[in-house]
Amino acid sequence: MSAPLLAEFDTPEALVRAMRIANADGHRALDAYTPFPVPDLTEAFAPPRNPVRPVMAVAGFGAAAAMYALQWYSSVVGYPLNSGGRPLHSWPVFLLVPFEFGVLVAAIAGLVALFWACGLPRLHHPLFAIPQFERASQDRFLLLVAPKDADATALRESLERCGALLVAEMHP
C-alpha cells in the first residue's frame, strides 16, 4: 500500500471537486484541512463511530458482575457462616460494592478508550513536518487521500488535474 497523498488547493470548490473525484475513483479521503468550515465536506466525511460508550458499558457491567460473583462465592461457597439465621446469599447486601466497583472500572475504561480513540499521547504527527500545512489555518485547503493501490501516480495526476498546487507524499 502506498503512502497517503496530501494535496494543496487555493479554493474550497477545487478541494470539494478533488475529494469527490478521488472518492469516485475508489480512493479514500482521510481528512480535509480548511481555514473555515466548508459545508460540502461535512456530508462527505461521516463521523467515525465512537468506541467510548460500548467500552465503558462492557467494562462496568463486567466488573460489577465479577465483584458480585466474588462476594457470592466467598459468602455461599468459600466461607458459609450462618450468623443469626440469615440466608447465605443475601443479595441486597451484595449490591453496594459491585455498583461502586463497576462505576470505578467504567470510568477508568472510558478514559483509556478516549485516549485510544483520540490517538493520544501522540506528540507529533507527520503532517506537521510539511511546511504547507501551516497555511491550512490561513488561506489554503488541504486534502489527505489514501490511494486504493500501491501505485499512487493515477491519484497524483487526478489531484493535479483538479487544480492542486502541490501534491506531497506523507510518510509516517
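On a predicted model such as this, the values are computed, not experimentally measured, just so you know.

Q: Honestly, the UniProt feature "transmembrane region" (unreviewed entry) in the protein chain in this entry has me stumped. Any pointers?
A: UniProt feature "transmembrane region" (unreviewed entry): in the numbering of this structure it lies at residues 55-73 and 93-117. As annotated, residues 55-73 has a helix share of 100% and a strand share of 0%, and its two end C-alpha atoms lie 27 Å apart. In residues 93-117, the share of helix is 96% and the share of strand is 0%. The end C-alpha atoms are 37 Å apart.

Q: When you look at the sheet that holds strand β3 (residues 141-146) in this model, what are you seeing that I'm missing?
A: Picture the strands of a sheet paired through backbone hydrogen bonds; they go either parallel or antiparallel. Read across the open sheet, the 4 strands follow the order β2-β3-β1-β4; overall the sheet is antiparallel. Single-partner strands in this sheet number two, and they are β2 (28-33) and β4 (166-169). Geometrically, the sheet is characterised by an average inter-axis angle of 20° between neighbouring strands, direction not taken into account. Here β2 runs beside β3; their pairing, made up of 5 bridges, is antiparallel. By the bridge assignment for β3, Tyr33 is matched with Leu142. In the packing of helix α6 (residues 153-161) onto the sheet, contacts are made with β1 (5-9), β3 and β4, and the angle to β1 comes to roughly 10°.

Q: So what exactly am I meant to see when it comes to the packing of helix α3 (residues 52-78) against helix α5 (residues 96-118) here?
A: A packed helix pair is summarised by two numbers, namely the angle formed by the two axes and the spacing between the axes. For the pair α3 and α5, the least separation of the axes is 7 Å and the interaxial angle reads 150°. Overall, the two elements α3 and α5 adopt an arrangement that is roughly antiparallel. Handedness of the α3/α5 crossing: right-handed. Side by side, α3 and α5 meet where Val52, Val55, Met56, Ala59, Gly60, Ala63, Ala64, Met67, Tyr68 and Gln71 of the first sit next to Val97, Pro98, Phe101, Gly102, Val105, Ala106, Ala107, Ala109, Gly110, Ala113 and Leu114 of the second. Of the residues that constitute the contact of α3 with α5, the class distribution is 17 nonpolar, 4 polar and no charged.

Q: Before we go on, may I ask you to explain α3 in this structure?
A: Residues that lie three or four places apart on an α-helix share one face, since the helix turns once every 3.6 residues. The terminal C-alpha atoms of α3, which comprises 27 residues, lie 36 Å apart, in line with the 39 Å expected from a rise of 1.5 Å per residue. Listing the buried residues of α3 in full gives Val52, Ala59, Gly60, Ala63, Ala64, Met67 and Gln71. Buried residues along α3 sit against α4 (91-94) and α5.

Q: Got a minute to help me understand the environment of Asp151 in this structure?
A: By the element assignment, Asp151 lies in the loop between β3 and α6. Owing to a relative accessible area of 45%, Asp151 belongs among the partly exposed residues under this scheme. It is 6.5 Å that separates the C-alpha atoms of Asp151 and Ser2, two residues lying 149 residues apart in sequence. Polar side-chain contacts of Asp151 include one of 3.1 Å to the side chain of Thr153.

Q: What exactly am I supposed to notice about the side chain of Glu8 here?
A: In this fold, Glu8 is placed in strand β1. The buried category is assigned to Glu8, whose relative accessible area is 7%. Polar side-chain contacts of Glu8 include one of 2.9 Å to the side chain of Arg140. Excluding residues that lie within four positions of it along the chain, Glu8 makes contacts with Gln132, Arg140, Phe141, Leu142, Gly163, Ala164, Leu165 and Leu166.

Q: Whenever I open this one, the pattern of salt bridges confuses me. Can you help?
A: Side chains bearing opposite charge may pair, as long as their charged atoms lie close to each other. Scanning the model with the defined rule gives 2 salt bridges in all. Where Arg140 meets Glu8, a salt bridge forms, and the shortest distance between an N and an O atom there is 2.9 Å. In this pair, Arg140 is assigned in the loop between α5 and β3 and Glu8 in strand β1, connecting sequence segments 132 residues apart. Across the pair, Glu8 and Arg140 agree in class, each one buried. Here Asp139 ties to Arg135 by a salt bridge, and the two come within 2.7 Å at their closest N and O atoms. By relative accessible area, Asp139 is classed as partly exposed at 33%.

Parameters and conventions
- Residues numbered from 1 in each chain as written.
- Predicted model: local features only at pLDDT ≥ 70, side-chain atom pairs only at ≥ 80, totals over all residues.
- Heavy atoms only, no water.
- UniProt positions renumbered as here; feature names shortened; annotations may be inferred.
- Helix = DSSP H or I, 4+ residues; strand = E, 2+ residues; numbered from the N terminus.
- Pairing = 2+ DSSP bridges.
- Axes fitted to C-alpha atoms, helices over the stretch in contact; angles between N-to-C directions.
- Contact = heavy atoms within 4.5 Å.
- Parallel < 35°, antiparallel > 145°, perpendicular 65-115°, else oblique.
- Left-handed = near helix turned anticlockwise from the far one by under 90°.
- Nonpolar A, V, L, I, M, F, W, Y, C, P; charged D, E, K, R; others polar.
- Expected span 1.5 Å × (residues − 1).
- Buried < 20%, exposed > 50% of the residue type's maximum accessible area, 1.4 Å probe, protein only.
- Polar contact = N/O pair within 3.5 Å; in protein donor to acceptor, adjacent residues only side chain to side chain.
- Salt bridge = Lys/Arg side-chain N within 4 Å of Asp/Glu carboxyl O.

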